[in-house]
There are 2 protein chains.
Amino acid sequence: MSFETTGTINSFGGKLLKLAHESKVTNTQMKLNLYLPPQASSSKPVPVLFYLAGLTCTGDNGAEKGFFQHKASEKGIAVVYPDTSPRGLNIPGEDDSYDFGSAAGFYIDATKEPWTKGYNMYSYITKELPEALFSHFEELDGNRVSITGHSMGGHGALTLYLRNPGKYKSVSAFAPISNPSKCPWGEKAFGGYFGDDNKSKWAEHDATELISKFPNDTDILIDVGTGDNFYKQGQLLPENLEEAAKKAGKKVNVRYQDGYDHSYFFISTFSDDHVEHAAKYLLA
Amino acid sequence: MSFETTGTINSFGGKLLKLAHESKVTNTQMKLNLYLPPQASSSKPVPVLFYLAGLTCTGDNGAEKGFFQHKASEKGIAVVYPDTSPRGLNIPGEDDSYDFGSAAGFYIDATKEPWTKGYNMYSYITKELPEALFSHFEELDGNRVSITGHSMGGHGALTLYLRNPGKYKSVSAFAPISNPSKCPWGEKAFGGYFGDDNKSKWAEHDATELISKFPNDTDILIDVGTGDNFYKQGQLLPENLEEAAKKAGKKVNVRYQDGYDHSYFFISTFSDDHVEHAAKYLLA
């Protein structure tokens, strides 16, 4: 699968590539950004950090406002910023709400019509996109991959990590939807993509349900702002994940950051820490 | 003059205040962002860096994508992000082009009708806004102020510094319009705000003309990307400023950054350096 490079932008000594490619699993063209740090070369490939964005976002938000390139450049880590859903499938209702359909793929493979037509962000992020990237870009080391994300993308990062033991060297998240089966955003998404009667499927994509089944030790870093309105409204529920982790004897370090909100001002403040966390494992 | 605080956002350990106030010199409400670093207190006021944005921008672009807060937080420097023009004066033609009128105030006081009605960004940035800020916010030290800016805002930073010896402790610029009298953007702006027959006024707001008249030593830091299309098109002309500075025996350090463009990816890569440059003088 080949990529079209629609732009190359210098950033922190490296290159931010604006990419587009045809996806078979989403049945659409998918856009993304790839940051190659200055250390990247085909003779010495660099490890890779996936950043999964949240509701309403594209691959641009993190690249423009997340400040991940700052530390990734220093550490020699590539960053992949994918989009958050297929776009333009022309499914009735796909653009009706900010928290379902376009920009709200939830990093699952839909089982319910008509969303099965292309709402397969789980397969896209875990299989098709990395395979395409690692075969196309010799500067990337496909054996050293970590994952992080924000909000819906934090849910994505946690669940992709927990469903695929060993696939990712580490995981972290900013204000993740930590127990989607129990919050309005998750109920709407899982009900729509899986069906309300398919609760076993819900559990397969819920970090709080998954953590006890994970066979390995964990070292999960999570930041949540105490001024985050979505945290206050019970959309994120990091306490539920903490409790499940404690019961399961898994390490989940939730840092409650005083007064921070849900925005990229919050993410950019702590992105250095999350790249450092990934670097500890990617560069070990 | 009092400010309305429409938002308070945590960022890099400090607070980003979203402010609005009524301006007498622009005859409009003006919005801006003010970053207070964690060190700011009324008992120990912090120095202040003004960041002037470029064409099409507001005070939000630098605050969201410039990452000045990263180093400003470490150094204990406040950052002011003003808007780039009055908005909504209802002057015919004010919204017709991206490089004149709204978001294109050029940091001058217009002498030509109808722009005299409020296009007075020179007086706004040098007098009204700092006086209002320093009387309202006891956390700010009005005796330690530096200035920087991008493109049109780089022109603003350079000319405000050079026209007001001693007012600013230091100046730097990203891809500044360095010789506006000799480039299309400047000719259009100065012709429109001053008149084509008022060339002496043009010279009073042209860094390349001003530098030989500046009474003190200078230490001006400028970054320009060699991949910047506006540089290639002759809108920026940093070479003219370099040559004038050389003749006048003034220090202007223009760093031509290989392959960088005109965007905030360029600015964010070097904003740490520009805050460091200001800190050298503000914290001396």
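The paragraphs below set out a description of the structure included in this document. (Residues numbered from 1 in each chain as written. Chains lettered and ligands numbered in written order. Predicted model: local features only at pLDDT ≥ 70, side-chain atom pairs only at ≥ 80, totals over all residues. Heavy atoms only, no water.)

### Thoughts on the relation of the copies chain B and chain A
Once chain B has been moved 0.0 Å along the axis and rotated by 180 degrees, it coincides with chain A to within an RMSD of 0.0 Å. Within this description, the copies of the chain are treated as partners about a two-fold rotation axis. Relative to the rotation axis, the C-alpha of lysine 65 of chain B is the closest in chain B, positioned 2.7 Å from it. Most of the interface of chain B is mirrored in chain A, where 100% of its interface residues are also at the interface. (Least-squares fit on C-alpha atoms with pLDDT ≥ 70 in both. Contact = heavy atoms within 4.5 Å.)

### Here's the deal with the packing of helix H2 (residues 68–75) of chain A against helix H10 (residues 264–282) of chain A
All names here are of chain A. In contact at an axis separation of 8 Å, H2 and H10 are set at 30 degrees when each is read in the N-to-C sense. The pairing of H2 with H10 is recorded here as roughly parallel in orientation. Every pair of crossing elements has a handedness; the one defined by H2 and H10 is right-handed. Between H2 and H10, the contacting residues are Phe68, His70, Lys71, Ala72 and Lys75 on the first element and Ile267, Ser271, Asp272, Val275, Glu276 and Ala279 on the second. (Axes fitted to C-alpha atoms, helices over the stretch in contact; angles between N-to-C directions. Helix = DSSP H or I, 4+ residues; strand = E, 2+ residues; numbered from the N terminus. Parallel < 35°, antiparallel > 145°, perpendicular 65-115°, else oblique. Left-handed = near helix turned anticlockwise from the far one by under 90°.)

### Examining the packing of aromatic side chains
Each aromatic ring pair is specified by the distance between its two centres and by the angle formed by the two planes. One pass over the structure, following the stated rule, counts 43 aromatic pairs over all chains. Ring plane angle 45 degrees and centroid distance 4.7 Å describe the contact between tryptophan 185 of chain B and phenylalanine 230 of chain B, whose orientation is recorded as tilted. With tryptophan 185 of chain B in helix H5 (residues 184–193) and phenylalanine 230 of chain B in helix H8 (residues 229–232), the pair connects residues that are 45 residues apart, well separated along the chain. You can call tryptophan 185 of chain B buried: its relative accessible area is 3%. Under the relative-accessibility criterion, phenylalanine 230 of chain B is labelled partly exposed at 26%. These aromatic residues form a ring-pair network of at least three members: Tyr51, Phe68, Tyr81, Phe174, Tyr260, Phe266 and Phe270 of chain A. Sitting over the face of the ring of tryptophan 202 of chain A, lysine 199 of chain A holds its NZ or CZ atom 4.7 Å from the ring centroid. (Phe/Tyr/Trp six-rings, centres within 6.5 Å; stacked < 30°, edge-to-face > 60°. Buried < 20%, exposed > 50% of the residue type's maximum accessible area, 1.4 Å probe, protein only. Lys NZ or Arg CZ within 6 Å of the ring centre and 35° of its normal.)

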